[in-house]
2 protein chains.
Amino acid sequence: MNKKIIVLGGDGFCGWPTSLHLSAQGYEVIIVDNLSRRDIDNELETNSLTPIKPMNVRLKAWQDVSGRKIDFHNIDISKNYDELLKLIESVEPKTVIHFAEQRSAPYSMKSSKHKRYTVNNNLNSTNNLLSAVVESGLDIHVVHLGTMGVYGYGTAGMKIPEGYLTVMLEKDSGEVVEHEILYPVNPGSIYHMTKTQDQLMFAYYNKNDGVRVTDLHQGIVWGTQTEETKKDGRLINRFDYDGDYGTVLNRFLVQAAVNYPLTVHGTGGQTRAFIHIQDTVRCIKIAIDTAPKKGERVKIYNQMTETHKVRDLARLISKITGSAIELISNPRKEDDENELHVSNESFLGHGLEPITLKDNLMEEVVEITKKYSERSDLSKIPCNSYWNKEQKSKASI
Amino acid sequence: MNKKIIVLGGDGFCGWPTSLHLSAQGYEVIIVDNLSRRDIDNELETNSLTPIKPMNVRLKAWQDVSGRKIDFHNIDISKNYDELLKLIESVEPKTVIHFAEQRSAPYSMKSSKHKRYTVNNNLNSTNNLLSAVVESGLDIHVVHLGTMGVYGYGTAGMKIPEGYLTVMLEKDSGEVVEHEILYPVNPGSIYHMTKTQDQLMFAYYNKNDGVRVTDLHQGIVWGTQTEETKKDGRLINRFDYDGDYGTVLNRFLVQAAVNYPLTVHGTGGQTRAFIHIQDTVRCIKIAIDTAPKKGERVKIYNQMTETHKVRDLARLISKITGSAIELISNPRKEDDENELHVSNESFLGHGLEPITLKDNLMEEVVEITKKYSERSDLSKIPCNSYWNKEQKSKASI
């Protein structure tokens, strides 16, 4: 049985713990990464709160604690198609997991340069991968990390289904017929837009070439450690707290640790979907095990376990830590308030037992943020990326 | 009143006659083109059937016959963002017309290299343009040449509307509500896929930054000359007859001129939408004149005037010219037969009086193909681009 898996973007916040989890589960893991996330830290003059190690140290540590070897190839898959193809042809993987995209919405909105980098990097990476899978002639399952943000955060008065929506259409004859369509997209940033464009590539290569794809529409990830990353200090996962890459819950926890007020954008009435990093890696294992069959359309799972309003999260953390809450002008162009009801029956049906905010794992995060709080640079906490001219001018009032 | 218009891709089959038409209408036209279409002729070892002139000769001829000057800038807008931005900032155009995309479906399917070129070129061009419009801070109307192919050619039992579709949704409460959505896409090639991805960029930049956009979903263009290109031999428009770039009706007319059987793919039961090149340039003028207002969503027009089955076109031309018809294996992955009913009320409502196949303009094309038939290379007529492994193996039987 083929147990080879290539993890594209295996050095990142989700990619690294996923690589370790799959290695621990007996897969032969090959990481591909151009280390762009570390380069972006250099550009933004910030760093992971946790002291992450260079890739060779990470891999040595994993071999020490697990006896298992993970291969690493430094390839920019958005540019070096030939290297990617050669690797796929020589490894002949069962699955390729695609995390190799710029994943921050605020970063994608910082300037025209950042918009262009995100579009160029994300779309060429996805197309290069799909094109290489077709050219290899191998029957490879592609698992892609998408985002809940493809759906937008509007309230249509209905639970958001897993990717496909049944609508009724009136034919010219007056007859009403049902059609199943990809859920109409409503991206909230250039980053989210690229994920809606990725969807169209998956649908096309699936239809034309029969490429088997699972697209995971993930919520906001919180937490930092997983069972595997905890095994050795050198395996520690990255933890972002800056205004661009710090996801909301993790950012609040750092703010609490350094006695910085919890900064809530607008009214904090935005409802978002969440998932713990430990569940992320479990979901990916489930996605691998439940691959679509030959000829099956793209499988879409909603990879999230609970929804919360941002201000409720702030209140919760304020209650635990005693931190103040500060409402600030929202740099994003979005509605102040929204509801969000999401179906996540696929993962629950496949046995996922979700970790929720009630499960005390927040305390683990609080401990880590306290342990490394001296590494933080408070000036990096505010979000300085504005969605457009109007949002920028509102912020300066 | 600002009469400045930048035409991106102004050296191509639609871009060149559009540039002349707008110049003749009193606009100050600035052409941007990297001459990639001529380079692709070199790559494919083919050429326009008509002897098109270098850009400087074309522009000199236009000045001679019209007294009007058109500026030209050789810029690859998919790569040279800074040059594009600088040009937009210095010209301050009222409108930018965006033809700067690789526009052949078979070319986009030739190999993984051609898939990757099409995705990289088309998506970065569109994003660079939109990003530059936002960065310039100018209120510019973007007119984009899209394709009827974004809708796919399925039969939903209804007329294809102009971009937006009203569907009924059942809410969780059981109540049925109407929503208007972008018509669900179903692209038939990598090329068509990039146009469905373009749509998502237009929708996003329109929503986030208020960029005013008109997206023209054009049918298959036939004919070659317009009122302006006929004025001087040096202004002649390109005419493609090769298997990759030759559109079906024009290709049949060349085949007839050189006594080559009219090659019909599959059963020829594919119904397609058509428009004459003279109507293309008139439609673009109408799109400029009916620009969306500030705050208006993306305007979508179906730019086509009639639909025909491919085999009916072949019969029609066979009747006029006496040519034989040959059915060959279809290199495309598509249904053998489809119906197509399309709404084109916007252009008709704005006064377009369509040129149809009945209007004897086919004879003009027949004359041109006869006049230049010695320039043709018969070996370039068959389509050697296959949509996937299966189509290729069918063709070799």
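Residues numbered from 1 in each chain as written. Chains lettered and ligands numbered in written order. Predicted model: local features only at pLDDT ≥ 70, side-chain atom pairs only at ≥ 80, totals over all residues. Heavy atoms only, no water.

**Describing the sheet that holds strand E12 (residues 299–303) of chain A**
All names here are of chain A. Note the cut-off: Each pair of strands is called paired provided DSSP finds at least two bridges between the two strands. Numbering of helices and strands runs from the N terminus, with a helix taken as a DSSP run of H or I at least four residues long and a strand as a DSSP run of E at least two residues long. Inter-axis angles, ranging from 0 to 180 degrees, are taken between N-to-C directions of lines fitted to C-alpha atoms, where helices are fitted over the stretch in contact. Every residue pair with non-hydrogen atoms within 4.5 Å of one another is taken to be in contact.
The seven strands are arranged E3-E2-E1-E4-E5-E8-E12 in an open sheet whose pairing can be described as parallel. In this open sheet, the two strands that pair with only one neighbour each are strand E3 (71–73) and E12. On average, each strand axis in the sheet is tilted by 20° relative to the strand beside it, whichever way the strands run. In this sheet, strand E4 (residues 95–98) lies alongside strand E1 (residues 4–8) in parallel orientation, the contact comprising four bridges. Considered in E4, the bridge of Ile6 is made with Val96. The strands touched by helix H4 (residues 81–91) within the sheet are E1, strand E2 (28–32) and E3, with E1 carrying the most contacts at an inclination of about 160°.

**Things to note about the environment of B:Pro161**
Residues and elements named next belong to chain B. To be explicit about the condition: Relative accessibility decides the category of a residue: with a 1.4 Å probe and only protein chains considered, values under 20% of the type maximum give buried, values over 50% give exposed, and everything between is partly exposed.
Counting through the fold element by element, Pro161 comes out in the loop between strand E5 (141–147) and strand E6 (164–170). Using a relative accessible area of 17% as the deciding quantity, one classes Pro161 as buried. On a C-alpha basis, the gap between Pro161 and Tyr151 in space is 9.6 Å, while along the polypeptide they are 10 residues apart. Residue contacts for Pro161: discarding those within four places in its chain leaves Tyr151, Tyr183, Asn302 and Ser343.

**Remarks on the nonpolar core**
Counted only if it meets this: Side-chain atoms within 4.5 Å are what join buried Ala, Val, Leu, Ile, Met, Phe, Trp, Tyr and Cys residues into a set we call a nonpolar core.
Among the nonpolar cores identified, the biggest contains 106 residues, and A:Ile6, A:Leu8, A:Val142, B:Ile6, B:Leu8 and B:Val142 are the most heavily contacted of them. Aside from chain neighbours lying at most four places away, what touches A:Leu8 is A:Val32, A:Ile77, A:Leu84, A:Val96, A:Ile97, A:His98, A:Phe99, A:Ala100 and A:Leu129.

**Here's the deal with the packing of aromatic side chains**
We apply this condition: Two aromatic rings, drawn from Phe, Tyr or Trp (for Trp, its six-membered ring), form a pair once their centres lie within 6.5 Å of each other, and the interplanar angle then sorts them: stacked below 30 degrees, edge-to-face above 60, tilted otherwise. Here, a charge over a ring is recorded when the distance from Lys NZ or Arg CZ to the ring centre is within 6 Å and its angle to the ring normal is within 35 degrees.
According to the stated counting rule, one finds 10 aromatic pairs over all chains in the structure shown. Their ring planes at 85° and their centres at 5.1 Å tell us that A:Tyr151 and A:Tyr183 sit as a pair that is edge-to-face. Highlighted residues: A:Tyr151 in the loop between strand E5 (141–147) and strand E6 (164–170) and A:Tyr183 in the loop between strand E7 (176–182) and helix H7 (190–209), separated in sequence by 32 residues. Comparing A:Tyr151 with A:Tyr183, the two get one shared label, buried. Consider the rings of B:Tyr301 and B:Phe347, whose centres lie 4.7 Å apart with planes at 65°: the pair is edge-to-face. Placement of B:Tyr301 in strand E12 (residues 299–303) and of B:Phe347 in helix H11 (residues 345–349) is noted, with a sequence separation of 46 residues between them. Through successive ring pairs, a cluster of aromatic residues spans A:Tyr107, A:Tyr117 and A:Tyr245. When the ring centre of A:Tyr164 is taken as origin, the NZ or CZ atom of A:Arg297, which lies over that ring, is 3.5 Å away.

**Considerations on the relation of the copies chain A and chain B**
The criterion, for reference: Only residues with pLDDT of at least 70 in both copies count here: their C-alpha atoms drive the least-squares fit that superposes the copies.
The transform that puts chain A on chain B rotates by 180° and translates by 0.0 Å along the axis, for an RMSD of 0.0 Å. Both copies are brought into coincidence by an operation consistent with a two-fold rotation axis.

**Comments concerning the sheet that holds strand E3 (residues 71–73) of chain B**
Residue and element names in this part refer to chain B. On the basis of which strands lie adjacent, the open sheet formed by seven strands has the order E3-E2-E1-E4-E5-E8-E12 and parallel pairing. Unpaired on one side and paired on the other, E3 and E12 mark the two borders of the sheet. Each adjacent strand pair in this sheet contributes to an overall mean axis angle of 20°, direction not counted. Contacts from helix H6 (residues 112–136) reach strand E1 (4–8), strand E4 (95–98) and E5 within the one sheet, and its direction differs from that of E4 by about 170°.

**Points about the confidence of the model for chain A**
Where the model shows low pLDDT, its predicted coordinates should not be examined in detail. Formally: A residue's pLDDT is the confidence the predictor assigns to it, expressed on a 0 to 100 scale.
Per-residue confidence for chain A gives a mean pLDDT of 95, with 99% of residues at or over 70. Reported for the predicted complex are a pTM of 0.97 and an ipTM of 0.97.

**Considering the pattern of salt bridges**
Residues and elements named next belong to chain A. Selection rule: We count a salt bridge whenever a side-chain nitrogen from Lys or Arg sits within 4 Å of a carboxyl oxygen from Asp or Glu.
For the coordinates displayed, the defined rule picks out 55 salt bridges over all chains. The salt bridge involving Asp64 is made with Lys60; its shortest N-O contact spans 3.2 Å. Of this pair, Asp64 and Lys60 are both found in helix H3 (residues 55–66), four residues apart, which corresponds to roughly one turn of the helix. Relative accessible area serves as the criterion here: at 44%, Asp64 is assigned to the partly exposed category.

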